[in-house]
Structure formats: structure tokens, C-alpha cells
Amino acid sequence: MQNILITGATRGIGREVVRQLTESDGYRIFASGRDGALLDALKSETGCVGATCDLSDAEAVVGLYAKAQAELGQVDVLINNAGFNRTKTSVAETPVQALDDSYAVNYRAAYLLAREAMKEMEPRQSGQIVNVVSTMAKTTGANYSVYCAMKHALAAFTACLAKEAGPRGVKVIGIYPGGVDTDFRPEDRPQYLKPSSAAKMILYALTAPDDVVVHELVYRPMVELNF
Ligand SMILES: NC(=O)c1ccc[n+]([C@@H]2O[C@H](COP(=O)([O-])OP(=O)(O)OC[C@H]3O[C@@H](n4cnc5c(N)ncnc54)[C@H](OP(=O)(O)O)[C@@H]3O)[C@@H](O)[C@H]2O)c1
């Protein structure tokens, strides 16, 4: 049995990861998001446990890990999936709050949860930490300075952590999806990946043979050519 803590589970890719993992018997899931009604619906649908948490609050982030650990006994897999891009402004038009909000959720929360995970995984010499980055960390774009830079930072953190964690028996996996048709943006994008497809690729990396670590898994819809 593998115990999993996943953030951003109330919608989109994270919700699909929980659905797909709970289709098999091998996983116990502690799911998190901010929306209590969506989280309750996910619990009823899949049998997962979980708690709401606003990841922009650093203390709450550390508290969330402790809650998951208490509920599951131990965390074997951390999936840092929550993220958003609300700021598509030029640098000149970007308010400081937009920078701070994005940093707190897209970077700091993932860092703190990985830190808490390493505290329990390192002594056990086992575990997996999955960071959902983005193909935006492989490129740059006008009016993307906030989200894109946070994802570049998350990619750099993921690689630094992988170098620390690998020799200590902990797998660190960077997931780089291209466009996925979720609530991430207000418009529908049917030409993008289905959330279920994006989730399936995360499970693919997570279930690699024991002697394999997928350091980076980059995948895109056919229409995305930002490589
Ligand atoms: N969709 C894409 O095109 C795409 C492409 C590449 C990478 N990604 C990455 O994939 C991940 C999942 O994205 P998605 O497309 O599934 O987005 P989504 O459908 O908008 O879902 C985002 C999830 O993150 C949670 N979240 C957002 N802000 C939060 C906060 N302050 N505290 C706690 N939870 C928060 C949301 O919870 P609540 O709604 O309950 O607040 C929701 O469960 C993100 O890291 C995103 O950057 C997405």
C-alpha cells in the first residue's frame, strides 16, 4: 500500500490523478484543495481522505503535511500539483501582490511540502516527490513573467532536490505538461490535453520500475510546438 498526499486535487489534473489512483487497490490518498464542497464530492466519489488548505499560508502548508502524516501514518508519495496562472500582464503592469501570490503557491508551498517529506523519507531511504511543473519552464513568453518565472524556479528546485534526494533513496520527479483543458484558464481549449490524459502520464512516471527515476517527463498536446 502506498500513501499519497496530493495538492490541487479538487479540480483538473489533480482530481483525475486521485480518480485514477483510487481505481486500483494499492493506494491511500490524502487529497487537498481550497474548495470544501469539491473536496467532499471527491471524497465521496473515490473514498480518499483529505483536508482543505490555502497553500498561500506557509504555516498552513506545514500543518497540511502533518495532518496527512497523522491520517495516513506515513507519506510515501507527495504530489505537488496545485498551481495557477492569474497574471497575464506586462511587467510594467504587474502588481507586487501578483508576484507574491504566485510565489507562495506555485513555488513556496511545493518547496515546504517537499521539505517536510524529506524529513520523513530520508531516514527511511524511500519515497517519491512529484512536482507538477509545466512546459512553460522550458520556454518564456511576453506577459508570462510571473507564472513562467515561478515554474522555472520550481524546475530548478526539482532538479536540486533530485540531486540531494537520489543518493538518499528518494525519487524526485518533474512533470512538464503542455496545455491541458482544465479550469486553469476561463476558456475551453478542446485542442489541449484531456485532464485524464495529463493524469495518466503522472501515474506512468509514478509507477516506473523501482530502479528507474523519471527525472523529467515532458509531454504536450499535438498542437503545442513550444520546443
Ligand atoms: N492546465 C494547463 O494547461 C497546465 C499546463 C501545464 C502545467 N499545469 C500545472 O498543472 C497543475 C494543475 O493545474 P490544472 O490545470 O489542473 O488547474 P486547475 O484545474 O485550475 O486546478 C488547480 C488546483 O490547484 C488548487 N489551488 C489553486 N490555488 C490554490 C491555493 N491557493 N491553495 C490551495 N490550492 C490551490 C485548486 O484548488 P481550489 O480550486 O479548491 O482552490 C485546484 O484544485 C498546476 O500546477 C498547473 O500550473 C497546468
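Higher on the page you've got the structure.
These remarks concern the structure in this document. Just so you know, these numbers come straight off a predicted model, no measurement behind them.

Time to look at empty space enclosed by the protein. The tally for this structure, following the rule as stated, stands at 1 cavity of 30 Å³ or more. In this structure, the largest cavity spans a volume of roughly 50 Å³. Around the largest cavity sit Thr7, Leu55, Asn80, Asn81, Ala82, Val105, Asn106, Ala109, Ala110, Leu113 and Leu154, which together line it. With 5 residues, the single largest contributor to the lining of the largest cavity is helix H4 (residues 96-124). Residues of the lining of the largest cavity, tallied by class, amount to 7 nonpolar, 4 polar and no charged.

Residues in close proximity to the ligand total 30 residues, the closest being Thr10, Arg11, Arg34, Tyr147 and Thr182. In this structure, an oxygen atom belonging to the ligand sits 2.8 Å away from a main-chain N or O atom of Asp35. Relative to its unbound accessible area of 890 Å², the ligand is 95% covered by the protein chains. Under a 2 Å grid-point criterion requiring more than half of the atoms, the pocket assigned to the ligand is the largest pocket. Where the shell around the ligand is concerned, the elements lending two or more residues are helix H1 (12-22) and helix H5 (145-165). For the shell around the ligand, the residue count by class is 13 nonpolar, 10 polar and 7 charged.

Here the focus is the packing of helix H3 (residues 58-72) against H4. Between two packed helices, both the angle of their axes relative to each other and the distance between the axes serve to describe the pair. Contact geometry of H3 with H4 gives a least axis separation of 9 Å together with a crossing angle of 40°. As H3 runs across H4, the sense of the crossing is right-handed. Touching Ala58, Val61, Val62, Tyr65 and Gln69 of H3 are Arg108, Ala109, Leu112, Leu113, Arg115, Glu116, Ala117 and Glu120, all from H4. When the residues that make up the contact of H3 with H4 are grouped by side-chain class, the tally is 8 nonpolar, 1 polar and 4 charged.

Taken as a whole, the largest pocket encloses approximately 1,100 Å³ of empty space. Residue lining of the largest pocket: 45 residues in total, with Ala82, Gly83, Phe84, Asn85 and Phe184 positioned closest to the centre. Counting only elements with at least two residues in the lining of the largest pocket, the list comes to H1, strand E2 (27-33), H4 and H5. Ranked by residue count, the leading element in the lining of the largest pocket is H1, at 3 residues. The residue inventory of the lining of the largest pocket, partitioned by class, reads 16 nonpolar, 16 polar and 13 charged. Estimates place the volume of the second largest pocket at around 200 Å³. Across the lining of the second largest pocket, the residue classes tally to 3 nonpolar, 6 polar and 4 charged.

Read across the open sheet, the 7 strands follow the order E3-E2-E1-E4-E5-E6-E7; overall the sheet is parallel. Two strands lie at the open edges of the sheet, namely strand E3 (49-52) and strand E7 (216-219), each paired on one side alone. With direction set aside, neighbouring strand axes in the sheet form an average angle of 15°. Bridge analysis of E2 against E3 gives 4 bridges, and the strand direction is parallel. For Ser32, the partnering residue across the bridge sits in E3 and is Ala51. Those strands touched by H1 are strand E1 (2-6), E2 and strand E4 (77-80), and its axis lies near 165° from that of E2. In the packing of H4 onto the sheet, contacts are made with E1, E4 and strand E5 (128-132), and the angle to E4 comes to roughly 175°.

Bringing the pairing of E7 into the picture now. On E7, burial follows the alternation: Leu217 and Tyr219 on one face are buried, whereas Glu216 and Val218 on the facing-out side are not. For the handedness criterion, the β-α-β arrangement of strand E6 (residues 171-177), helix H6 (residues 195-206) and E7 is classed as left-handed.

Bringing the pattern of salt bridges into the picture now. For the structure on display, the rule yields 13 salt bridges. When the shortest N-O distance is used, the salt bridge between Glu120 and Arg124 registers 2.7 Å. With Glu120 and Arg124 both in helix H4 and 4 residues apart, the pair spans about one turn of that helix. One salt bridge connects Lys138 with Glu216, and the closest N-O pair in it is separated by 2.6 Å.

Cut-off values and rules
Residues numbered from 1 in each chain as written. Predicted model: local features only at pLDDT ≥ 70, side-chain atom pairs only at ≥ 80, totals over all residues. Heavy atoms only, no water. 1 Å grid on protein atoms, 1.4 Å probe; cavity = no way out; pocket = protein on both sides within 12 Å on 5 of 7 lines; lining within 4 Å. Points joined across faces, edges and corners; volume = space filled by probe spheres on them. Helix = DSSP H or I, 4+ residues; strand = E, 2+ residues; numbered from the N terminus. Nonpolar A, V, L, I, M, F, W, Y, C, P; charged D, E, K, R; others polar. Near = heavy atom within 4 Å. Polar contact = N/O pair within 3.5 Å; in protein donor to acceptor, adjacent residues only side chain to side chain. Areas by Shrake-Rupley, 256 points an atom, 1.4 Å probe, with all protein chains shown as cover. Sits in = over half its atoms within 2 Å of the grid points. Axes fitted to C-alpha atoms, helices over the stretch in contact; angles between N-to-C directions. Left-handed = near helix turned anticlockwise from the far one by under 90°. Contact = heavy atoms within 4.5 Å. Pairing = 2+ DSSP bridges. Buried < 20%, exposed > 50% of the residue type's maximum accessible area, 1.4 Å probe, protein only. Right-handed = clockwise from strand over helix to strand, strands pointing away. Salt bridge = Lys/Arg side-chain N within 4 Å of Asp/Glu carboxyl O.

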